Amino acid sequence: MPELQIIGAPPSNYVWVVRIACAEKRVPYRLVPAMPHTAEVDAIHPFGKIPVMRHGDITLCESRAICFYIDHAFAGPPLAPRDPVAGAEVEQWISLVNTAIDPLFVRQYLVSYFFPGTPDGQPNRAVIDTALPKMAAHFAVLDRAVANTGHLVGHSITLADINLLPILFYLEKLPESGVMLRQATNLDRYYRRHFERPSVKETTPQTPPGRSS
Ligand SMILES: N[C@@H](CCC(=O)N[C@@H](CS)C(=O)NCC(=O)O)C(=O)O
């Protein structure tokens, strides 16, 4: 079996998603640190984004596609139910997080702290303050979603949860989002319980975004 390479910077939430997926499946891999828009990334992703993956002759980009490959090409516990309804619910939550949660929580709020782009390097308050009311509504959605079973889908961890957990990690660390998370008691409990999992603990980035890793 050729070596599986996960290529990308460890602090990236989407690189982390793929690493948790490997850990849950117990699939060995080599992490190749690389920033977006570098040669090894551009060779695989048409828009230079991380993560990308190399496995022998197989190259893939986009975290969802990489996780699909990891889940189906290797033995180990399935990361998404094969049942059509539950499997579709996992896809639904991955899509909701990728199209609504990540653009607001990561690309607006977290980026305004970690990559502010302001003249003095201070957090971009204008963007943060615009994001906060929408974030409160999104936290309420997530809080309701995990209230019944402590998972986004079904009664055990799936790719839906794996795709969300890295974002919650960063939200917990920042002032406004940390308060919002603690006030969303179901989501907070969900976050803390999942962060006890070895797959999550062992892959937690050692450096925040914006610092060399
Ligand atoms: N849809 C992509 C998103 C990946 C993504 O946005 N990665 C960020 C780092 S977390 C990136 O490479 N950003 C650089 C850019 O957008 O140019 C996936 O799921 O893999």
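Keep in mind the model is a prediction, meaning the values are calculated, not measured.

1. A few points about the domain arrangement of the protein chain
Here comes step 1: Annotation of the protein chain at the domain level lists domain 1 (4-79) and domain 2 (84-200).
Here comes step 2: The C-alpha centroid of domain 2 is placed 21 Å from the C-alpha centroid of domain 1.
Here comes step 3: Between domain 1 and domain 2, the contact holds twelve residues from the first and 19 residues from the second.
Here comes step 4: Taken together, the two surfaces of domain 1 and domain 2 that pack against each other cover about 1500 Å², and 61% of this comes from carbon and sulfur.
Here comes step 5: At the junction of domain 1 with domain 2, the criterion picks out two salt bridges.

2. Concerning the packing of aromatic side chains
Here comes step 1: Counted according to the given criterion, the structure contains ten aromatic pairs.
Here comes step 2: Between the aromatic rings of Phe169 and Phe195, the centroid separation amounts to 5.7 Å while the plane-to-plane angle is 15 degrees, which identifies the pairing as stacked. In this pair, Phe169 sits in helix 6 (residues 159-173) while Phe195 sits in the loop between helix 8 (185-194) and helix 9 (198-201), placing the two residues 26 residues apart along the sequence.
Here comes step 3: Seen in terms of ring centroids, Tyr191 and Phe195 are 4.6 Å apart; in terms of plane orientation they differ by 45 degrees. Their pairing is tilted.
Here comes step 4: What makes Tyr191 buried here is its relative accessible area of 5%.
Here comes step 5: The exposure class of Phe195 is buried, given its relative accessible area of 11%.
Here comes step 6: Ring pairs connect the aromatic residues Trp16, Phe114, Phe169, Tyr170, Tyr191 and Phe195, which therefore count as one cluster.
Here comes step 7: Over the aromatic face of Phe169 sits the side chain of Lys173, whose NZ or CZ is 4.1 Å from the ring centroid.

3. Describing the sheet that holds strand 1 (residues 4-7)
Here comes step 1: Read across the open sheet, the four strands follow the order 2-1-3-4; overall the sheet is mixed. What marks the edges here is a single partner per strand, and that holds for strand 2 (30-32) and strand 4 (58-61). Looking at each pair of strands side by side, their axes are set apart by 20 degrees on average, direction ignored.
Here comes step 2: Here strand 1 pairs with strand 2 via three bridges, running parallel. When the sheet's bridge partners are listed, Gln5 is paired in strand 2 with Arg30.

Basis of the calculations
In every chain, residue numbers begin from 1 and rise along the written sequence. Per-residue local features of the predicted model are confined to residues with pLDDT of at least 70, and side-chain atom pairs are confined, for both listing and counting, to 80 or more; whole-chain, interface and lining totals are unaffected and use all residues. Values shown for side chains rest on all heavy atoms present in the structure; no hydrogens or waters enter the calculation. Domain ranges listed in this record stem from an automatic or a database domain assignment. What makes two residues a contact is simply this: any of their non-hydrogen atoms within 4.5 Å. The term buried area means the drop in 1.4 Å probe accessible area that two parts suffer when joined, counted for both and summed. Definition used for salt bridges: Asp or Glu carboxyl oxygen within 4 Å of a side-chain nitrogen of Lys or Arg. The criterion for an aromatic pair is that two Phe, Tyr or Trp rings (for Trp, the six-membered ring) have centres within 6.5 Å, with stacked assigned to planes under 30 degrees apart, edge-to-face to planes over 60 apart and tilted to the rest. In DSSP terms, a helix is any run of H or I states spanning at least four residues, a strand is any run of E spanning at least two, and both are numbered starting from the N terminus. Here the term buried applies to any residue with accessible area under 20% of the maximum for its type, exposed to any over 50%, and partly exposed to those in between, with areas from a 1.4 Å probe on protein chains only. Here, a charge over a ring is recorded when the distance from Lys NZ or Arg CZ to the ring centre is within 6 Å and its angle to the ring normal is within 35 degrees. In this analysis, strands are considered paired if DSSP registers two or more bridges between them. Fitted lines through C-alpha atoms give the axes, limited to the stretch in contact for helices. The angle between two N-to-C directions lies from 0 to 180 degrees.

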